[in-house]
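Coordinate analysis (summary)
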Amino acid sequence: MSSSQTDSRKNDFSKGSVIQNILKLALPMTLAQFINVLYNIVDRIYIGRIPEHATMALTGLGLCLPIISMVIAFANLFGMGGAPLCSIYRGKGNEEEAEAIMGNSFVLMLLFGLILTVLGLLLKRPMLYLFGASEATLPYADSYITIYLLGSIFVMVGLGMNSFINSQGFGKIGMLTVLLGAVSNLILDPIFIFALGLGVQGAAWATIISQGLSALWIIRFLTGSQTILKLKPQAFRLKKQRVLDIISLGLSGFTMSITNSLVQIMYNASLARYGGDLYVGIMTVVNSIREVISLPVNGLTNSAQPVMGFNYGAGEYKRVKQSIVFMSVVSITYTTIAWSLVHGFPGFFIRIFSQEADLVAAGIPAMQIYYFGFFMMSLQFAGQSVFVALGKSKNAVFFSIFRKVIIVIPLILILPGKFLLGTNGIFMAEPISNFIGGLVCFGTMLYTVWPELSKKTSS
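Quick caveat, the model's predicted, so the values are computed rather than measured.

**What about the nonpolar core?**
L128, M161, Y267 and Y371 are the most contacted members of the largest nonpolar core, which has 101 residues in total. Beyond its immediate sequence surroundings of up to four residues, Y267 is in contact with M283, Y370, V408, I412, I426, F427, A429 and E430. L25, M327, A382 and A389 belong to the second-largest nonpolar core, a separate cluster that totals 32 residues.

Structure follows, in structure tokens:
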């Protein structure tokens, strides 16, 4: 029996404890996501300690986040679209189609990575001004994003193709993939930023070199003998229906990232108008903290997707229900604890990124407003995860749009001016959307998916 056949049986999610199957993926995947976030977090920590103009440099980096989110959105489109499909087809025993899905996803990542690089370099300056850049912050933002865009293909492959490693049950390999890049970034950042005196440009070079190493590692693994599904040239030929299926299911992750980008743009532009560069810098710190504290719940819900998708494809509907219950309870518990810590000790979290007194003083009340009721966000994560895992792309896309575009963006526009709340009103948009969006998304999932699974279980 070949090693891939052995791994295939070992990673059969329809066998053994549902909780253990999820945790087997969740622990390395969460650690992998934490390591992955370090790419940008470490950049911000180092940039916040540049001897001169630290706040302006940090603010400039924050202005690049919408563009970075756009690149990540396309990685999610093909990675989070293809990987759940692979799990479903692997559950059905059709590994040939699963490999074809992975090959098509890889080609799409390369094509769109090239397109994003060209378009980004052509449009970067007008986009940065649109996002709230001032004459003081534009040079820092432009320096960073120019170099980052040159490595878009590495980012696409590094983020997108790692989903196919995790979806096969190789959580530890997925973790090692991002560990390689993150450790490289951690070592290269101080060398490029301080030793070579490159500042924000050094941070960008360290990031794309590190992402390049991760991408090479992924390709080496997926073309080697240890993987279940192989990345083969004969699977690269694009098939219209297959591409449409990948994009359809990936639209949820894509829409979440694109709407995140739109919200970041609105936040930065509105904060620049009502609070100036200082508040754009505060938003950079707030986003950075959010990326870190959201990791465990993101890791859990993402790792539950292959287990739910495999069991759904295998007709094990009772196990799908067990996965939903476990994922939801743990997510709500964790985000409640996280909220209490951020609300109780906001200054501690802010000082990780900046020691400047003005930013810390203004950032503390902003943090407490923004994260109010953070536990409601876990309902959005859980509901979205179920829709994606079971191939219900329309529901997943709708709720991605609903919370951010229909709720958050209008509130950012209305609360600061019409209700005279200023910057506080801008930060209030997030908790309001968490309560409304989380309840509606999770409630709809329970109302539609749960009865379907119960019916199939009893039949």
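**Let's talk about the side chain of R319**
Position of R319 among the secondary structure elements: in helix α14 (residues 317-344). Despite its burial, R319 pairs with no opposite charge, the nearest such side chain being E316 at 5.2 Å. Only 3.0 Å separates the side chain of R319 from the backbone oxygen of F13, close enough to count as a polar contact. In this structure R319 touches F13, S14, K15, G16, S17, V18, N21 and N311, once residues within four positions along its chain are discounted.

**Some points on the packing of helix α12 (residues 277-293) against helix α19 (residues 422-458)**
Axes are the key here: two packed helices are described by the angle between their axes and the distance separating the axes. It is the contact of α12 with α19, at a shortest axis distance of 12 Å, that shows an interaxial angle of 20 degrees. Compared by their axis directions, α12 and α19 come out roughly parallel. In terms of crossing hand, the pair formed by α12 and α19 is right-handed. Taking contact as the criterion, the partners of Y279, I282, M283 and R290 in α12 are, on α19, T423, F427 and E430. Looking at the contact of α12 with α19 residue by residue, the class counts come to four nonpolar, one polar and two charged.

**Remarks on the environment of G174**
With respect to the helices and strands, G174 occurs in helix α9 (residues 171-195). Since its relative accessible area comes to 0%, G174 is described here as buried. Between the alpha carbons of G174 and T301 there is a distance of 16 Å; along the sequence they are 127 residues apart.

**What to know about the pattern of salt bridges**
In the structure shown here, the tally under the stated rule is nine salt bridges. Note that R44 is salt-bridged to E291, the shortest N-O span being 3.1 Å. On the criterion of sequence distance, the pair formed by R44 in helix α2 (residues 18-47) and E291 in helix α12 is long-range, its members being 247 residues apart. Classification of R44 by relative accessible area gives buried; the value is 1%.

**Some details on unusual backbone geometry**
In this structure, L420 is a non-glycine residue whose phi angle is positive, near 55 degrees. With relative accessibility at 75%, the residue L420 sits in the exposed group.

**Some points on the packing of aromatic side chains**
In total, this model carries 20 aromatic pairs according to the counting rule given. Relative to F402, the ring of F398 lies with its centre 5.8 Å away and its plane at 25 degrees, an arrangement referred to as stacked. Taken as a pair, F398 and F402 lie in helix α18 (residues 393-418) at a separation of four residues, close to a single helical turn. On the basis of relative accessible area, F398 is assigned to the partly exposed category, the value being 43%. For F402, a relative accessible area of 16% translates into the label buried. The rings of F74, F78, F112 and F254 are connected pair by pair, giving a single aromatic cluster. We note K92 situated over the ring of Y89; from NZ or CZ to the ring centre the distance is 5.3 Å.

**Some points on empty space enclosed by the protein**
Tallying each qualifying case throughout the model produces two cavities of 30 Å³ or more. Estimated volume of the second largest cavity: approximately 60 Å³. Lining the second largest cavity are M256, T259, N260, M377, Q380, F399, S400, R403 and K404. Going through the elements one at a time, α11 (240-274), α17 (377-389) and α18 are the ones with two or more residues in the lining of the second largest cavity. For the lining of the second largest cavity, the element with the most residues is α18, which contributes four residues. Partitioned by chemical class, the residues of the lining of the second largest cavity number three nonpolar, four polar and two charged.

**Quick word on the environment of T444**
If you trace the backbone, T444 turns up in helix α19. As a C-alpha pair, T444 and I432 span twelve residues in sequence and 18 Å in three-dimensional space. Ignoring sequence-local partners within four residues, the contact set of T444 consists of F387, F399 and V449.

**Description of α9**
Taking 1.5 Å per residue, 25 residues should reach 36 Å; α9 reaches 35 Å between its end C-alpha atoms and fits that length. Of all the bends in α9, the greatest reaches close to 30 degrees and is centred on L188; the proline P190 follows between one and four positions later. One or two positions beyond α9, positive phi appears at G197, with a value near 65 degrees.

Scoring rules and cut-offs
Residues numbered from 1 in each chain as written. Predicted model: local features only at pLDDT ≥ 70, side-chain atom pairs only at ≥ 80, totals over all residues. Heavy atoms only, no water. Core = buried A, V, L, I, M, F, W, Y, C linked by side-chain atoms within 4.5 Å. Buried < 20%, exposed > 50% of the residue type's maximum accessible area, 1.4 Å probe, protein only. Contact = heavy atoms within 4.5 Å. Helix = DSSP H or I, 4+ residues; strand = E, 2+ residues; numbered from the N terminus. Lys, Arg positive; Asp, Glu negative; His and termini not counted. Salt bridge = Lys/Arg side-chain N within 4 Å of Asp/Glu carboxyl O. Polar contact = N/O pair within 3.5 Å; in protein donor to acceptor, adjacent residues only side chain to side chain. Axes fitted to C-alpha atoms, helices over the stretch in contact; angles between N-to-C directions. Parallel < 35°, antiparallel > 145°, perpendicular 65-115°, else oblique. Left-handed = near helix turned anticlockwise from the far one by under 90°. Nonpolar A, V, L, I, M, F, W, Y, C, P; charged D, E, K, R; others polar. Phe/Tyr/Trp six-rings, centres within 6.5 Å; stacked < 30°, edge-to-face > 60°. Lys NZ or Arg CZ within 6 Å of the ring centre and 35° of its normal. 1 Å grid on protein atoms, 1.4 Å probe; cavity = no way out; pocket = protein on both sides within 12 Å on 5 of 7 lines; lining within 4 Å. Points joined across faces, edges and corners; volume = space filled by probe spheres on them. Expected span 1.5 Å × (residues − 1). Bend = angle between axes of the 7 residues up to and from the residue.

On their own, these measurements won't tell you what the molecule is for.
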